[in-house]
Amino acid sequence: SPLSGVANLTIEIFRKTVRGIVATHDSLHGGFGEAPKQPMPASLRVVLQAWQETQGPDFGTVLVKTLDAMSERGMYDAVNGGFFHYATNNLWSVARTEKLCEDNAQLARLYLDAADILGQPKYRAKALQALGWVRERLLDPSRGVFAGSQAGDDDYYPIEPRRRAGKPPPPVDATVFTTSSAAMAGAFLRAAQVTGDEGWAGPALRGLDWLLKECVRDGAVAHYHDGSPKLFVLARDPIALAGALIDAHEHTGEARWLEAADRMMEDVLRRFWSDE
């Protein structure tokens, strides 16, 4: 088997990882470490899994404090929906106002899962509002893929949101990045699952079909598409796309999605795995 040399993720590795993450938690303001405060959705997902498995109160505190801080202060766009790139101060009240597709995909999915696991419906509402902004600003409905980002603009996002009315929104970079478009497809499929609204699933499945057709060449996956697919050399692109294909399989039950993911990961192992 091509996987024979892959180390198992033991429970001890998981415990060490959780301990390392929780040790850097800012118990005063939420988040991890000092400003600038990055959202760190992967770390929060590990803590969410730890809470789900142990109900350890420390994990619940880290999650609630951080999820509240990120969604109720300046890092979240309360008017249009969506998470800004990061907070520039410890209080999470001032943000770098660029909005990235990849950040919002990971955070929306995290908040959807946290809503269920922590029993906090407000997190679901934030996630769905963020995905509503994505649908309005980043989704290309004809192809089902997502633009990479919307530019930051400190004049457009003033401290007083009501002063925004009538100003043109910042421009969107229409480049399709495979990693972020695939991750957003996964977030849309998760939204369809938790809401029962298939309107979220349609564009996600269409976009994954488009990525398979336009961004995969001889098994290799392009990093981005700006009229043509470019940069077929990174491992993270096929890994992210395969993850979204598994989501599509789980959502539809159709074998073709799983088969495509399987082929993709075989190619990743062939090209990137080192026994040494």
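Relevant structure appears above.
Residues numbered from 1 in each chain as written. Predicted model: local features only at pLDDT ≥ 70, side-chain atom pairs only at ≥ 80, totals over all residues. Heavy atoms only, no water.

A few words on the overall build of the chain. When you go through the chain residue by residue, the secondary structure sums to 9 helices and 12 strands. Taking 276 residues into account, the globule formula puts the C-alpha radius of gyration at 19 Å, and the chain, at 19 Å, falls close to it. Referenced to the eigenvectors of the C-alpha coordinate spread, the extents of the chain come out at roughly 55 × 50 × 35 Å. The buried share among the 276 residues of the chain stands at 47%. Long-range pairs, those at least 24 residues apart, make up 61% of the contacts in the chain between residues at least 6 apart in sequence. Of the roughly 13300 Å² of accessible surface on the chain, 53% is carried by carbon and sulfur atoms. In the chain, the 30 positive side-chain charges and the 36 negative ones have mean positions that sit 4 Å from each other. (Helix = DSSP H or I, 4+ residues; strand = E, 2+ residues; numbered from the N terminus. Rg over C-alpha atoms; globule rule 2.2 N^0.38 Å. Buried < 20%, exposed > 50% of the residue type's maximum accessible area, 1.4 Å probe, protein only. Contact = heavy atoms within 4.5 Å. Areas by Shrake-Rupley, 256 points an atom, 1.4 Å probe, with all protein chains shown as cover. Lys, Arg positive; Asp, Glu negative; His and termini not counted. Charge placed at Lys NZ, Arg CZ, Asp CG, Glu CD.)

What the rule picks out here adds up to 8 aromatic pairs. Between Phe83 and Tyr111, the ring centres sit 5.2 Å apart and the planes meet at 45°, which makes this aromatic pair tilted. Of this pair, Phe83 sits in the loop between helix 3 (57–72) and strand 1 (86–87) while Tyr111 sits in helix 4 (residues 101–118), and the two are 28 residues apart along the sequence. For the residue pair Phe83 and Tyr111, the accessibility class agrees, reading buried in each case. Residues Tyr111 and Tyr123 carry aromatic rings whose centres are separated by 5.5 Å and whose planes lie at 85° to one another, so their mutual orientation is edge-to-face. (Phe/Tyr/Trp six-rings, centres within 6.5 Å; stacked < 30°, edge-to-face > 60°.)

Below, the discussion takes up the sheet that holds strand 11 (residues 224–225). One open sheet holds the 3 strands; their spatial order is 8-11-12, and the pairing between them is antiparallel. Strand pairing shows two members of the sheet lacking a second neighbour, strand 8 (176–177) and strand 12 (229–230), which therefore form its edges. (Pairing = 2+ DSSP bridges.)

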